[in-house]
Amino acid sequence: MSDGLQIFIHRGTKQIGGSCVEMQCAGKRIVVDLGLPLDAELEATELPNIPSVHNNDGSLLGFLLSHGHRDHWGLLPKLPSSIDVYLGRKTLSIMTAAASFIPGGYAPVKSVTFEDGKPFNLGPFTITPNLMDHSGFDVLIEAGGKRVYYSGDIRGHGRKAALFERFIKSPPRDIDVLLMEGSSLGRLRTEERFETESEIESRLLDVMSSTGGIVLVACSAQNIDRVVSVYRAAKRSGRQMLVDAYAAEVLKATDTKSIPKPTAEWPDVKVYIPQAQRRFLKEKNIAALVDNYKGRRVFPEALPSEAARSVMIIRPWMLHDLARAGILEGSTAIWSQWDGYLKEEAGIKFVEACAAASVKFETIHTSGHADPRDLKRYSEAIRPKKLVPIHTFHPDQFERAICQRGAIQRWRMVRCIRLKSKWETQWTLHSDRSSASSARKTCGSSKRQPLDPKALGFETRSVTRSFFSH
């Protein structure tokens, strides 16, 4: 076994969602993210072949979770409960609050929280989290004399854009490898930009100001930036914001004074609990949590008189309850999440239900991921010796959209391997050429068979050259 840092990308080199990166050094290993692919079901998706998960050999030190979105944590429920999961404090709080409400909800049994900018050690690994605009963390990982930076999910057009700009002004230096997301590639031309959250707020305000009845916003309660945009637009239009028990618990879990939530400090944020959710709370034996909202609830019988001055954050299934309450006349529904969900069964039924109830329908949304211009700024700020695409359907577009010719240097070794019919990508980093040569011999004698990197869609002329050969 080599003492150099080895990187195994189990999933994510040619897809969005399902990210999973294993790093090994000196006989120990960590894993960054363990997501569920967007098009997969938990029960039907196998865990990657990671030692210590399938056999307790003691080499696995823990899992690092960049942020609390299912495409980054979705397979964690399949792990043995004895494995430590390292994550941000607020991420843990939100996941815990949401777990009882969502299908397949999860919060780690054994968790260790980390903080922005504070390094910590796991065996031979030194890990430094950096808070970024996407409700989560990037991570710098140092081991075996090498420095690897994992971007997680990033953007520069959200309400925490200052974090992105802080990073651009003071990026980590001497990065050997940057594992960088590219979710927007293939969706936008290089020069196109995503709307900012401030621009989304303005569009929401226009709709709220021109709608006579209630405004329904279908967005994720865990998209905190969007909830803030909805609240700000509601306040500017003279409306109150209504949320259900799930959204209320998530907003409280942020433990942030500037986030609107149904507390005494936010008198224009109130709680409406649909009938189906009331039954759900009783079945889950958590009905007592509604006692926390005394004096801040809007009950079904009062909803008709409150509708015209309200904005409600909803999920599609709530529309039937609102129709029964008789409050949809003159209303507008705003879809404020990825429009791909509208092509799925729940989204199709929601659009049909809005049309049947004569509810005006609009889409107002911006991406949670960086556009090509900000991806380019991010990579140019770091100036890594090697950039590896991840969390993207279009790794082939990185060179054209992001990398300046000649800016990305060669890296020592690239080797692709196949494991139980699942594709992986493996790299080995070494401090000198002699150890690199030794590692090639080790990998060459491995039971894992090397394959042509082009099988993974990378532009590579040989296994010892960069993905982006110039």
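Structure: see above.
Reference entry: report on the structure contained in this document. Position labels on residues start from 1 in each chain and follow its written sequence. At least 70 in pLDDT is required for a residue's local features to be given in this predicted model, at least 80 for side-chain atom pairs to be given and counted, and no such filter applies to totals for whole chains, interfaces and linings, which use all residues. The basis for the side-chain values is all heavy atoms of the structure; hydrogens and waters are excluded.

Aromatic rings in a pair are described by how distant their centres are and how their planes are angled relative to each other. Between the rings of Phe, Tyr and Trp (Trp by its six-membered ring), a pair exists once the centres lie within 6.5 Å; its type follows the angle of the planes, with under 30 degrees stacked, over 60 edge-to-face, and the other angles tilted. In the structure shown here, the tally under the stated rule is 13 aromatic pairs. Aromatic side chains Y149 and F167 sit 5.6 Å apart centroid to centroid with 40° between the ring planes, which places their arrangement in the tilted category. Placement of the pair is Y149 in strand β10 (residues 146–150) and F167 in helix α3 (residues 161–169), with a sequence separation of 18 residues. The two residues Y149 and F167 agree in class, both being buried. Working definition: helices are DSSP H or I runs of at least four residues, strands are E runs of at least two. Numbering for both runs from the N terminus. Using a 1.4 Å probe on the protein chains alone, a residue whose accessible area is under 20% of its type maximum counts as buried, one over 50% counts as exposed, and one in between counts as partly exposed.

Right, let's get into the packing of α3 against helix α11 (residues 372–382). Axes, fitted as lines to C-alpha atoms, cover a helix only where it is in contact. Angles between the N-to-C directions of the axes lie from 0 to 180 degrees. It is the contact of α3 with α11, at a shortest axis distance of 8 Å, that shows an interaxial angle of 35°. Within the contact between the two elements, α3 uses F164, E165, F167 and I168 and α11 uses D374, R377, Y378, A381 and I382. Across the contact of α3 with α11, the residue classes break down as six nonpolar, no polar and three charged. Any two residues having at least one pair of non-hydrogen atoms within 4.5 Å are treated as being in contact. Just so you know the grouping, Ala, Val, Leu, Ile, Met, Phe, Trp, Tyr, Cys and Pro go in nonpolar, Asp, Glu, Lys and Arg go in charged, and all remaining residues, Gly too, go in polar.

Right, let's talk about the side chain of E181 for a bit. On the secondary structure map, E181 appears in strand β11 (residues 177–181). Positive charges are assigned to Lys and Arg, negative charges to Asp and Glu, while His and the chain termini are left out of the count. Salt bridges are counted wherever a side-chain nitrogen of Lys or Arg sits within 4 Å of a carboxyl oxygen of Asp or Glu. Despite being buried, E181 has no salt bridge partner; R187 is the closest side chain of opposite charge, sitting 7.8 Å away. We define a polar contact as two N or O atoms separated by no more than 3.5 Å, with the added condition that, inside protein, one atom must be a possible hydrogen donor and the other a possible acceptor, whereas residues neighbouring each other in sequence contribute only through side-chain atom pairs. For E181, the side chain forms a polar contact with the main-chain nitrogen of I154, separated by 3.0 Å. A polar side-chain atom of E181 sits 2.7 Å from a polar atom in the side chain of S183. Setting aside anything within four residues of it in sequence, one finds E181 in contact with S151, G152, D153, I154, H369, A370, L375, I390, H391 and F398.

Sheet strands pair via backbone hydrogen bonds, and the direction of the pair is either parallel or antiparallel. Strands are treated as partners if at least two bridges between them are detected by DSSP. The strand order β7-β8-β9-β10-β11-β18 describes an open sheet built from six strands, whose pairing is mixed. The sheet terminates laterally at β7 (120–122) and β18 (387–390), the two strands that pair on one side only. Along the sheet, successive strands turn relative to each other by an average axial angle of 25°, direction set aside. Taken together, the five bridges between strand β9 (residues 136–143) and β10 define a ladder with antiparallel strand orientation. Bridge assignment links E142 to a residue of β10, and that residue is R147. α3 contacts β8 (125–132), β9 and β10 of the sheet and is inclined by roughly 130° relative to β8.

Let's shift gears to the nonpolar core. Among buried residues, the Ala, Val, Leu, Ile, Met, Phe, Trp, Tyr and Cys ones that are joined through side-chain atoms within 4.5 Å form a nonpolar core. By size, the foremost hydrophobic cluster in this structure holds 43 residues, and its most contacted members are L204, M208, V230, M241 and V243. When contributions to this core are tallied by element, the ones reaching two or more residues are α2 (89–99), α4 (197–210), β12 (215–218), α5 (224–236), β13 (240–243), α6 (245–253), β14 (269–271) and β15 (310–314). Setting aside its immediate chain neighbours within four residues, M208 contacts V215, V230, A233, A234, S237, R239 and V311. By size, the runner-up hydrophobic cluster in this structure holds 25 residues, among which are C25, F114, F125 and A143.

Before going further, it helps to examine the sheet that holds β15. Pairing within the open sheet is parallel, and its six strands lie in the order β14-β13-β15-β12-β16-β17. The open sheet has two free edges, formed respectively by β14 and β17 (360–363), since each of these has just one partner strand. Taken pair by pair, the neighbouring strands of this sheet meet at an average axis angle of 25°, ignoring direction. Looking at chain direction, β12 and β15 are connected through four bridges and run parallel. Within the sheet, the bridge partner assigned to V217 lies in β15 and is I313. The strands that α6 touches are β13 and β14; relative to β13, the one it contacts most, it runs at about 105°.

Okay, the pairing of β13 next. Along β13, one buried face is formed by Q240 and L242 and the opposite face, lined by M241 and V243, is buried too. Strand direction decides the pairing type here: β13 and β15, joined by three bridges, are parallel. Counterpart to L242 in the pairing with β15 is M312. The sheet contact formed by β13 and β14 spans three bridges and is parallel. Its bridge partner lying in β14, M241 is registered against V269. For the segment spanning β13, α6 and β14, crossover handedness is right-handed. Whether a crossover is right-handed depends on one test, that the path from the first strand over the helix to the second runs clockwise when the strands point away from the viewer.

Attention shifts here to the environment of A99. Mapped onto the elements, A99 comes out in helix α2. Note on A99: relative accessible area 21%, which makes it partly exposed. Between the C-alpha atom of A99 and that of Y246, which follows or precedes it by 147 residues, the distance is 9.6 Å. With sequence-adjacent residues up to four places away left out, A99 is seen in contact with G105, Y106 and A107.

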